[in-house]
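Breakdown of the fold
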Amino acid sequence: MKSAVENLNPTRVRLTVEVPFEELKDSLDAAYKKINQQVTVKGFRKGKIPARVIDQRFGRGAVLEEAVNDALPKLYTDAVNEAELNVLGQPEVDITELKDGETLNFTAEVDVRPAIEIPDFSGIEVEVDAVEVTDEDVDKAVSDLRERFASTTPVERAAEDGDVVTIDLEAKVEGEVLEDGIANGVSYTIGSGELLDGIDDAVKGLEAGGEATFASELKGGSAAGKEAEVTVKVTQVAARELPELDDEFAQLASEFDTLEELRADSRKRLENMKQYDQATQAQERVLEKLLELVEVPVPEKLLEDEINTRKHNLEHHQLGQMGLTLDKYLEIQGKTAEEFETETREAAVKGIKTQFVLDELVNKEKLNVNQEELTEHLMRRAASSGMSPDQFAQAVVEGGQVPMLVGEVARGKALALVVEAATVKDTNGEVVDLDDEDETEAESGEATEAAAETAEEKAEEKPEA
């Protein structure tokens, strides 16, 4: 077999392959055997029909077609390996010549990973938010914790802001009660904004047994996006009572004996959170700078496939679960279809470039992934997916996704390498030493994913259900 490579553009090649006919012998034998098992000829036992009889009865062309179809995948793979091509997706194969007993010639056009030159990235400088925790931040954290320990006491008066009411709801659209439009015994805190628009005004001033009707646009369910007439009946009004902020509360809400110890722990937790956010911000901004330094051509077909995948996932998974159409989602987001298309394309381009650049860096630096790193990454992915580690691992293995996870970890290590070489300063002008962050490298894979997140997760904000 002889093959030659023609570069059509930086991301696409044409392979021209010439195959001597004798190299098709195994495939021809397999073709005769397969046809033998599929047909019957009077006077011959099944599977024992001579080749000349098959040629006479069914045509030599049918045998050649079967043989070529059998041989092409291996011939194509051999040509790719011989040329040391890093191909993307499926090829477009065209048989240019087939002479029985002489030769098989074909071409295969396929996208390939572009050649990328990784420049010196040690000069990258980025600015990130400073880690600052104010007394107000601590006050809010303690206040939020206090809210969680609030108690409720039924009262015989009209409902007010902050009260917890137990309500029954009934929604009608065009005068008809919806099948999924009835809910009883719903607990709702007035002013929380957790239910329908207009419900706060409807229930305020009502006592137990009181009833009101208001109009509201439904956010989910079978009639999502439609205007409904909602009847709400209050069955109980309860006042919320917050515990006193003292040492007794600290002992109730935490493992600490004093309120001061609780506040100190809250401050430490907030600092840790902001340090993590700072590290993630540094990784994303360093990645942005790195992408600006590298020229990365993007295969058009790969880009279109990525765009279509992002749209499909958004429309048929996330929005479908919320009972929203794409048009309704864009209306909620205040975006036009053209803006959505542009943002989706930009996010897809960034995602592809990120993977190409970090994969090239993995190869250049010869970065490997050990079992411990893969296990830690799997545990994090399992936690974010809501599955147990065992369930997630089983799904990964059964889906053949282990190489994908290995790639994610390797790209995370590549990004960590760039971040380590970069200069990171906070908004106060202080140099940030990310080496002091224990989880910086461990979480770098997550930052890589965040930088190249799908349109439905990052480029597009999720609507509130």
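Rules used throughout
- Residues numbered from 1 in each chain as written.
- Predicted model: local features only at pLDDT ≥ 70, side-chain atom pairs only at ≥ 80, totals over all residues.
- Heavy atoms only, no water.
- UniProt positions renumbered as here; feature names shortened; annotations may be inferred.
- Pairing = 2+ DSSP bridges.
- Helix = DSSP H or I, 4+ residues; strand = E, 2+ residues; numbered from the N terminus.
- Axes fitted to C-alpha atoms, helices over the stretch in contact; angles between N-to-C directions.
- Expected span 1.5 Å × (residues − 1).
- Buried < 20%, exposed > 50% of the residue type's maximum accessible area, 1.4 Å probe, protein only.
- Contact = heavy atoms within 4.5 Å.
- Patch = residues over 30% accessible without salt bridge, like charges linked within 9 Å, V, L, I, M, F, W, Y side chains within 5 Å.
- Areas by Shrake-Rupley, 256 points an atom, 1.4 Å probe, with all protein chains shown as cover.
- Salt bridge = Lys/Arg side-chain N within 4 Å of Asp/Glu carboxyl O.
- Lys, Arg positive; Asp, Glu negative; His and termini not counted.
- Charge placed at Lys NZ, Arg CZ, Asp CG, Glu CD.
- Phe/Tyr/Trp six-rings, centres within 6.5 Å; stacked < 30°, edge-to-face > 60°.
- 1 Å grid on protein atoms, 1.4 Å probe; cavity = no way out; pocket = protein on both sides within 12 Å on 5 of 7 lines; lining within 4 Å.
- Points joined across faces, edges and corners; volume = space filled by probe spheres on them.
- Nonpolar A, V, L, I, M, F, W, Y, C, P; charged D, E, K, R; others polar.

As recorded in an unreviewed UniProt entry, the chain goes by Trigger factor and comes from Streptomyces minutiscleroticus. Turning to the chain, the UniProt annotation filed under Catalytic activity (unreviewed entry) states: "[protein]-peptidylproline (omega=180) = [protein]-peptidylproline (omega=0)".

To continue, consider the sheet that holds strand E2 (residues 12-20). Taken together, the four strands give an open sheet; going across it, the order is E1-E2-E4-E3, and neighbouring strands pair in antiparallel fashion. Unpaired on one side and paired on the other, strand E1 (2-9) and strand E3 (87-99) mark the two borders of the sheet. Within this sheet the neighbouring strands show an average axis-to-axis angle of 20°, counted without direction. Relative to strand E4 (residues 103-112), E2 is paired through nine bridges, and the arrangement is antiparallel. Counted as the bridge partner of proline 20 is threonine 103 from E4.

Take helix H1 (residues 25-38) next. Between its terminal C-alpha atoms H1 stretches 20 Å, which fits the 20 Å expected from 14 residues at 1.5 Å a residue. Every buried residue of H1 is listed here: Ser27, Leu28, Ala31, Tyr32, Ile35 and Asn36. Structurally, H1 contributes buried residues whose contacts are with helix H2 (51-58) and helix H3 (60-83).

What follows deals with a negative patch on the surface. The grouping of Asp247, Asp257, Glu260 and Glu261 at the surface amounts to a negative patch. One can find aspartate 257 in the loop between helix H6 (247-253) and helix H7 (259-293).

Feature annotation in UniProt places "domain: PPIase FKBP-type" (unreviewed entry) on residues 162-214, given in this structure's numbering. Between the end C-alpha atoms of residues 162-214 there is a gap of 20 Å, over a span that is 9% helix and 53% strand.

Let's shift gears to the packing of aromatic side chains. One pass over the full model with this rule turns up one aromatic pair. Taking 6.1 Å as the distance between ring centres and 90° as the angle between the ring planes, the aromatic pair formed by phenylalanine 149 and phenylalanine 249 counts as edge-to-face. Here phenylalanine 249 lies in helix H6 and phenylalanine 149 lies in the loop between helix H4 (135-148) and strand E6 (151-154), a separation of 100 residues in the sequence. On the accessibility criterion, phenylalanine 149 (28% relative accessible area) is partly exposed.

Gaps between atoms show up when a probe of the same size as a water molecule is rolled over them. Approximately 530 Å³ is the volume attributed to the second largest pocket. Looking at the lining of the second largest pocket, the elements that each hand over two or more residues are strand E7 (164-173) and strand E8 (176-189). If one sorts the elements of the lining of the second largest pocket by residue count, E8 sits on top with five residues. Here the residues of the lining of the second largest pocket are counted per class, giving 12 nonpolar, five polar and seven charged.

Glancing now at unusual backbone geometry. Of all residues except glycine, most have a negative phi; of all peptide bonds, most are trans. For glutamate 174, which is not a glycine, the phi torsion comes out positive at approximately 55°. Considering the arrangement of structural elements, one finds glutamate 174 in the loop between E7 and E8. With a phi angle near 55°, lysine 366 is a residue other than glycine that sits in the positive phi range. Position of lysine 366 relative to the elements: it lies in the loop between helix H10 (337-365) and helix H11 (371-385).

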